[in-house]
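The primary structure of each chain is shown beneath.
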Amino acid sequence: MSFEITGKLIVKYNTMQRSETFKTREFVIEKSDDINGRVINNYIKFQAVQDRTAIVDRFNEGETVKVYFNIKGTRWEKDGRVNYITNLDAWRMESVVAGGPSADSMPNYNTSQEISSGGGQADDLPF
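Numbering of residues starts from 1 in every chain and runs along the sequence as written. Residue-level local features of this predicted model are given only where pLDDT is at least 70; pairs of side-chain atoms are given and counted only at 80 or more, and the full residue set underlies all totals for whole chains, interfaces and linings. Side-chain measures were taken over the full set of non-hydrogen atoms in the model, leaving aside hydrogen atoms and water.

(A) Up close: the pairing of strand E3 (residues 22-35). The sheet contact formed by strand E1 (residues 3-12) and E3 spans 4 bridges and is antiparallel. Counterpart to Lys12 in the pairing with E3 is Phe27. As paired strands, strand E2 (residues 16-19) and E3 are joined by 3 bridges and run antiparallel to one another. In the strand pairing of E3, Met16 is matched with Thr24. Criterion used throughout: strands pair if DSSP finds at least two bridges between them. In this description a helix means any DSSP run of H or I spanning at least four residues, a strand means any run of E spanning at least two, and both kinds are numbered starting from the N terminus. Taken together, E2 and the strand that follows it, E3, pair antiparallel across an intervening segment of 2 residues. Relative to strand E4 (residues 38-49), E3 runs antiparallel, the two being bridged by 12 bridges. The partner of Asp34 across the bridge, within E4, is Val39. Remark: 2 residues form the turn of the hairpin made by E3 and E4, two consecutive strands paired antiparallel; Asn36 in that turn has positive phi of roughly 55°.

(B) Region of the structure containing the environment of Gly62. Structurally, Gly62 is set in the loop between E4 and strand E5 (64-78). Overall, the relative accessible area of 44% leaves Gly62 in the partly exposed class. Along the primary structure Gly62 and Val11 are separated by 51 residues, whereas in three dimensions their C-alpha atoms are 8.4 Å apart. Buried, partly exposed and exposed residues are distinguished by accessible area as a fraction of the type maximum, computed with a 1.4 Å probe on protein chains only: under 20%, between the cut-offs, and over 50%, respectively.

(C) Quick peek at the packing of aromatic side chains. Within 6.5 Å between ring centres, the rings of Phe, Tyr and Trp (the latter by its six-membered ring) count as paired, and their orientation is classed by plane angle as stacked under 30 degrees, edge-to-face over 60, tilted in between. As enumerated under the stated definition, the model contains 4 aromatic pairs in all. Ring centres of Phe46 and Phe69 lie 5.1 Å apart, and the angle between their planes is 65°; on these two criteria the pair is classed as edge-to-face. Of the two residues, Phe46 sits in strand E4 while Phe69 sits in strand E5, which places them 23 residues apart along the sequence. Judged by its relative accessible area of 6%, Phe69 falls in the buried class.

Following this line, the structure appears as structure tokens:
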């Protein structure tokens, strides 16, 4: 399942070589929401892996971007203790022009895999 969110790029971290064959890069966006006249700021950290670590290169801190991402969860056990880790894996970014259709003030947590048929009906599922 794929998600998308629009916000301001706050920080870009350096690429980290985690092993001989695996690398990651993290970045943070700020998502501001106006809730009954009160602005709430959320800071969301994403990671990009492998060949996707370069997706953040062409964007400047302070720029408004749309991030497309997947949610990944891992169960990790060490010394008899179980921990769960959730990652937001970014796979695409694009610039958002201020005032454009992608820059609305409501968070968009909808999947990008929505079913769309010409008549507006979504009942043509394969099962």
